[in-house]
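Here is what each chain is made of, one letter per residue.
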Amino acid sequence: MEHIISKFVSTSEIGEMKPFGNGHINDTYVVSDREGTPRWILQRVNHLVFPRIEVLQRNVAIVSDTMRERLEAEGDPEAERKYLYFFPNLEEPEKNYYHDGENYWRVCRFIPESMSMSELTPTAAHHAGAAFGQFEEILSVIPEGRLGETIENFHSMPFRLQQLRDAVAQDAAGRVAEVQDILAEIDRRADSMLLQEKLYAEGKLPKRTIHCDTKVDNILFDRDGKVLCVIDLDTVMPSFIFSDFGDFLRTAANTTREDDPNLDNVSFRFDIFEAFAGGYLKGAHGFLTELEIENLPYATALFPYMQGVRFLTDYLNGDTYYKITHPSHNLERAANQI
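Report follows, based on the coordinates. (Residues numbered from 1 in each chain as written. Predicted model: local features only at pLDDT ≥ 70, side-chain atom pairs only at ≥ 80, totals over all residues. Heavy atoms only, no water.)

## Concerning the state of the cysteines
At step 1: For the structure on display, the rule yields 0 disulfides.
At step 2: For the unlinked cysteine cysteine 108, the closest cysteine sulfur is that of cysteine 229, found at 8.9 Å.
At step 3: For cysteine 108, a relative accessible area of 8% translates into the label buried. (Disulfide = S-S within 2.5 Å. Buried < 20%, exposed > 50% of the residue type's maximum accessible area, 1.4 Å probe, protein only.)

## A closer look at the environment of glycine 278
At step 1: Looking at the secondary structure, you find glycine 278 in helix H8 (residues 270–283).
At step 2: Sequence separation of glycine 278 and glycine 129 is 149 residues, and the distance between their C-alpha atoms is 7.2 Å. (Helix = DSSP H or I, 4+ residues; strand = E, 2+ residues; numbered from the N terminus.)

## A short note on the nonpolar core
At step 1: Formed by 88 residues in total, the largest nonpolar core has its most connected members in Phe245, Phe248, Phe276 and Leu312.
At step 2: The next biggest cluster of nonpolar side chains, apart from the first, holds 13 residues, and it includes Ile4, Phe8, Val9 and Trp40. (Core = buried A, V, L, I, M, F, W, Y, C linked by side-chain atoms within 4.5 Å.)

## Quick look at the pattern of salt bridges
At step 1: On inspection of all chains with the given rule, the structure shows 26 salt bridges.
At step 2: The salt bridge partner of aspartate 234 is arginine 106, with a shortest N-O separation of 2.8 Å. A residue pair is termed long-range when its members are at least 10 positions apart, and aspartate 234 in the loop between strand S8 (227–230) and strand S9 (237–239) and arginine 106 in strand S5 (residues 104–109) qualify at 128 residues.
At step 3: Exposure remark for aspartate 234: the relative accessible area of 2% places this residue in the buried category. (Salt bridge = Lys/Arg side-chain N within 4 Å of Asp/Glu carboxyl O.)

## Remarks on the packing of helix H7 (residues 242–252) against H8
At step 1: At a minimum axis separation of 10 Å, H7 and H8 run at an interaxial angle of 155 degrees. Here H8 runs roughly antiparallel to H7, going by the angle between their axes. Crossing of H7 over H8 shows right-handed handedness. Residues Asp244, Phe245, Phe248, Leu249 and Ala252 of H7 touch H8, and the partners they reach there are Ile272, Phe273, Phe276, Ala277 and Tyr280. (Axes fitted to C-alpha atoms, helices over the stretch in contact; angles between N-to-C directions. Parallel < 35°, antiparallel > 145°, perpendicular 65-115°, else oblique. Left-handed = near helix turned anticlockwise from the far one by under 90°. Contact = heavy atoms within 4.5 Å.)

## Some details on the packing of aromatic side chains
At step 1: Overall, the coordinates contain 15 aromatic pairs when judged by the stated rule.
At step 2: Pairing phenylalanine 245 with phenylalanine 276 gives two aromatic rings, centres 5.4 Å apart and planes at 55 degrees, and the pair type is tilted. With phenylalanine 245 in helix H7 and phenylalanine 276 in helix H8, this residue pair connects regions lying 31 residues apart in the sequence.
At step 3: Phenylalanine 245 gets classed as buried once you look at its relative accessible area, which sits at 0%.
At step 4: Residue phenylalanine 276 is classed as buried on the basis of its relative accessible area, which comes to 0%. (Phe/Tyr/Trp six-rings, centres within 6.5 Å; stacked < 30°, edge-to-face > 60°.)

## Observations concerning the side chain of glutamate 197
At step 1: Along the chain, glutamate 197 falls in helix H6 (residues 195–201).
At step 2: It turns out glutamate 197 is buried and unbridged, and the closest side chain with the opposite charge, lysine 207, is 7.7 Å from it.
At step 3: If we ignore the near neighbours within four places in the chain, the residues touching glutamate 197 are His155, Ser156, Met157 and Pro158. (Lys, Arg positive; Asp, Glu negative; His and termini not counted.)

## Observations regarding the packing of helix H3 (residues 122–139) against H8
At step 1: With their axes 6 Å apart at the nearest point, H3 and H8 run at an angle of 30 degrees to one another. With respect to their mutual orientation, H3 and H8 come out roughly parallel. As H3 packs across H8, the resulting crossing turns out to be right-handed. Counting all contacts with H3, which are made through Pro122, Ala125, His126, Ala128, Gly129, Ala130, Phe132, Gly133, Gln134, Glu136 and Glu137, the residues of H8 involved are Asp271, Ile272, Ala275, Phe276, Gly278, Gly279, Tyr280 and Gly283.
At step 2: Looking at the contact of H3 with H8, its residues break down into 9 nonpolar, 7 polar and 3 charged. (Nonpolar A, V, L, I, M, F, W, Y, C, P; charged D, E, K, R; others polar.)

## Regarding the side chain of arginine 175
At step 1: Checked against the element boundaries, arginine 175 lands in the loop between helix H4 (157–170) and helix H5 (180–193).
At step 2: Look at arginine 175 and you get buried, because its relative accessible area is 15%.
At step 3: Excluding anything up to four places from it in sequence, arginine 175 contacts Tyr315, Leu316, Gly318, Asp319 and Pro327.

That's the geometry; what it means functionally is another story.
The following block contains the structure:
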């Protein structure tokens, strides 16, 4: 581990390292200096989930630079605490990662006096909406085509529906016969859920630089509860703003967990919707089109639908993607979302 971080930081500065956070994708460690002060975050990037490492690391560098330029232009005295800075590889300064022959590693600056929030209240939802809206607004200056897709077709509804159709045709686990009701419901809604791709093909809907993984624990707050920084930039890429708006509310506005098998518990929290929408429109003010704003309710429906399709696809394929705790887990998740 010391050998790996020495590719980014002088070994004479390095003190203790220990695991950090509760992420499910990458392995993360906090690294202190010789005085015991946390200074760096070391991560092993999961290249099975993110196979396009060069694209990913180029994206985060562009995002980091864009955030820094805006904050410095505004004269923010705490600019360094409000964006993620990734250190260059000391041996290959043109890269901000290191490949040890098997794994990919990177180091970013630790943001002191920060915390994440796991409990979702309307106030926290409002702050989250404002943070993600402002994040998109700042990054709206990035020219189209400069960022690449870190995961291809990540939020493509046509792609996800085709995956489901392929799963139905193959019926690998012999489960298609038992899910005809939910398949019929998905099919009934399919045309309306393809709206964003239809509007894009007509030249009416732009692609933006967006986060693509909006949840409240991807925001750092200061000790007073004010937003400091949007984190977890691995999925930042060109897509539609509906992704950031709809995906947050998919989990945040559900009155129960996404895998609750009791569908009577599933409902929609309008207090969370109103708080998040108010914050988002405040943060994103100035760059959204009227068409984008008018279709935010569509985004709220799209993402439970998309995730329901993905859960059902995995169920039909024999549970090869999502971790499950019992045989009907993915089916229960799909029904919950739909």
